[in-house]
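If you want the building blocks of each chain, they are given just below.
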Amino acid sequence: MNSIVNSLNGNKDYVKMLKDSNSYLITGLNDSAKALIALSACVTKNKSGIIILKSVQSAKKMVYDLEFFNDEYDICYLPSTPINYYNVSTESREEENQRINVYKKILENKKVIVVTTVDFVMQNVLSESLNITTNFKLKNSDKTDIETLVKTFTSLGYTRYDAVEGKGTFSVRGDIVDIFPVNMDNPCRIEFLFDEIDSIRTFDVLSQRSIDTLKEISVCQTEENLISDNKIEYVISKLEELLEKYTDSVKMSDEISSDIERLRKGDYKNLISKYYKLFTDKDYNPLEFFISKDFEIFIDEYDRLIEKSQNIIYENEEVISHLVKKEYIDSQFVNKYVPFEKIYNDILNNKKTYLLQKLNDISLKGINIIDFDTKELSIYRQSLFETLPVDIAKNKDKIIVISVLTDVRKNQIEEILRIKKINYKVVNNINDINAKEAYVYLTKGIISSGFESKYFEFVIFAEPQSKFGEKIKKKVRKDDNIGLDILSFEDLKVGDYIVHENHGIGKYLGIESINIQGVIKDYMKIS
């Protein structure tokens, strides 16, 4: 444990908070201080934790702040699963793989801090999506054949392509099978000699050159929801009964019949939200999974999560109402978002929870309050020479950390410290600080902002970083009527209008996979 994280254990109120079984409202925190409090609590109690935030941008900022202080946990961003009633995919495979890897780490009892958004915990899920236990092992000299291997990889959720393009895909060329397991950093090339595995090697996707020779590999499932054949047959039987209800509606009957055919072909992934109540007889919230694993629960800006939740609920109800009128869904079976306030009252009612707030502007019953009264400390190029030495002198009795983004800024600050004859030490990262006495440390790192508090034995001066995962927007003059090229389908959201170079203006509806002679390819669906 580094000196900064460990120093909080000298605060009596903080120690009391950790020992208390009641929930706490922790106020007076800027964003980076929230990360430190959450990490320190997990480290001190030797537990994993989950932090729930309003938006993807806030979550990515939290990940950077946690990484700045962290030296022993695996910091994991857990993307939300969009509720999708359409028969096309609205998210990238990478996001699903990301979730699977997070669940797998948790089930393997690794120490993690999970960062996610409120919409993730607002929807119920199938129990299968959190039970990532299916693995298939292969080793040299195994007796098998390519046809059997293809069936096995398909059953694990892997998609066959002409060539391996990313995690969760595989391809077949003669006596060679390439696969990119979601639990590995590089794809694997499996070569056969008749009905026996002759070699297994990792390789580079772009150059196709071999990287390493392996004796065996473990292939993890790539689908969150691996549904049993019995359950699929049950859903089909219920949909066949439902057809009798819609004998007077040709449109709805055709839709249900089409969905039954998709289920018979094993294409159920995009039908789960549409027929959620048929796939399960029990609502299961993902927070129950984390509680069962004894995670520490942190909620960032409770009031903002409630506001975001209300917007999500409203939009979801509007979509459902529209699709019912279009005779596309039967609302009694669909998965719906659950208000966050209800989740807090029902699921977290008896679970100790930490509410991280900047201001004490919320009223909740039966919750203790602790205030750290932090103030942001940022360093700016224009006033470095005048203000930094003064600020250091004010905090001479504390551990002082100066964090910058670039070598240029580090060199500038080193020059100032030398001129002002201030003793300092350059460290690779904050985890190299082990001193308990006051001293000045200079490091490179990404943190949203520095901060100080009279309750902390340290201060952090930081060069502010405001762009966390944001794409830099290109400035275009108002008289330039030029559209921006789409570099990736991930740049698009369902409902966006786009211009096709041959077919003109259309609306983006998502990604649809089409099977052409046994090989599946992804296509953008535009209306």
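The notes below deal with the structure included here. (Residues numbered from 1 in each chain as written. Predicted model: local features only at pLDDT ≥ 70, side-chain atom pairs only at ≥ 80, totals over all residues. Heavy atoms only, no water.)

1. A closer look at unusual backbone geometry
Although it is not a glycine, Glu-327 sits at a positive phi angle of roughly 55°. Mapped onto the fold, Glu-327 is located in the loop between α12 (302-325) and α13 (340-346). With a relative accessible area of 32%, Glu-327 lands in the partly exposed category. Phi is positive for Lys-421, close to 55°, though the residue is something other than glycine. Considering the arrangement of structural elements, one finds Lys-421 in the loop between α15 (407-419) and β18 (425-426). The class for Lys-421 is exposed, based on a relative accessible area of 76%. (Helix = DSSP H or I, 4+ residues; strand = E, 2+ residues; numbered from the N terminus. Buried < 20%, exposed > 50% of the residue type's maximum accessible area, 1.4 Å probe, protein only.)

2. Observations regarding the sheet that holds strand β13 (residues 296-300)
A sheet is described by the order of its strands in space; here 7 strands give the open sequence β3-β4-β2-β13-β14-β1-β15, paired in parallel fashion. Where the open sheet ends on each side, the last strands, each with one partner, are β3 (74-78) and β15 (368-371). For this sheet, the mean inter-axis angle between neighbouring strands, taken without regard to orientation, is 20°. Here strand β1 (residues 24-27) pairs with β15 via 4 bridges, running parallel. For Leu-25, the partnering residue across the bridge sits in β15 and is Ile-369. Sheet strands in contact with helix α4 (residues 56-69) are β2 (49-53), β3 and β4 (112-117), and its direction is about 160° off that of β4. Sheet contacts for α12: β2, β13 and β14 (353-356); angle to β13, the most-contacted strand, approximately 75°. (Pairing = 2+ DSSP bridges. Axes fitted to C-alpha atoms, helices over the stretch in contact; angles between N-to-C directions. Contact = heavy atoms within 4.5 Å.)

3. Things to note about the packing of aromatic side chains
Tallying each qualifying case throughout the model produces 18 aromatic pairs. Judged by centre distance (5.9 Å) and plane angle (40°), the ring pair of Tyr-86 and Tyr-328 falls under tilted. Taken together, the residues span a long stretch of sequence, with Tyr-86 in the loop between β3 and α5 (93-107) and Tyr-328 in the loop between α12 and α13 at a distance of 242 residues. Look at Tyr-86 and you get partly exposed, because its relative accessible area is 34%. For Tyr-328, a relative accessible area of 15% corresponds to the buried category. Measuring from centroid to centroid gives 6.2 Å for Tyr-302 and Phe-340, while their planes differ by 55°, and the two rings are tilted. Remark: Phe-340 occurs in helix α13 and Tyr-302 occurs in helix α12; sequence separation between them is 38 residues. The class of Phe-340 is buried, set by a relative accessible area of 0%. (Phe/Tyr/Trp six-rings, centres within 6.5 Å; stacked < 30°, edge-to-face > 60°.)

4. A few points about the nonpolar core
Ile-26, Ile-37, Leu-66, Phe-69 and Phe-458 are the most contacted members of the largest nonpolar core, which totals 48 residues. Those residues in contact with Ile-26 that lie beyond four places of it in its chain are Met-17, Ile-37, Tyr-354, Leu-355, Leu-356, Gln-357, Ile-370 and Phe-372. (Core = buried A, V, L, I, M, F, W, Y, C linked by side-chain atoms within 4.5 Å.)

5. Here we look at the pattern of salt bridges
A full pass over the atoms with the stated rule returns 34 salt bridges. Note that Lys-34 is salt-bridged to Asp-31, the shortest N-O span being 3.6 Å. Residue Lys-34 and its partner Asp-31 are located together in helix α3 (residues 31-45), separated by 3 residues, close to a single helical turn. In this structure, Lys-34 and Asp-31 share a single accessibility class: buried. For Asp-259, the salt bridge identified is with Lys-274, shortest N-O distance 2.8 Å. Here the residue Asp-259 occupies a position in helix α9 (residues 250-264), and Lys-274 occupies one in the loop between α9 and α10 (276-279), the gap between them amounting to 15 residues. Grouping residues by exposure puts Asp-259 and Lys-274 together as buried. (Salt bridge = Lys/Arg side-chain N within 4 Å of Asp/Glu carboxyl O.)

It is worth stressing that arrangement in space is one thing and function is another; only the former is reported here.
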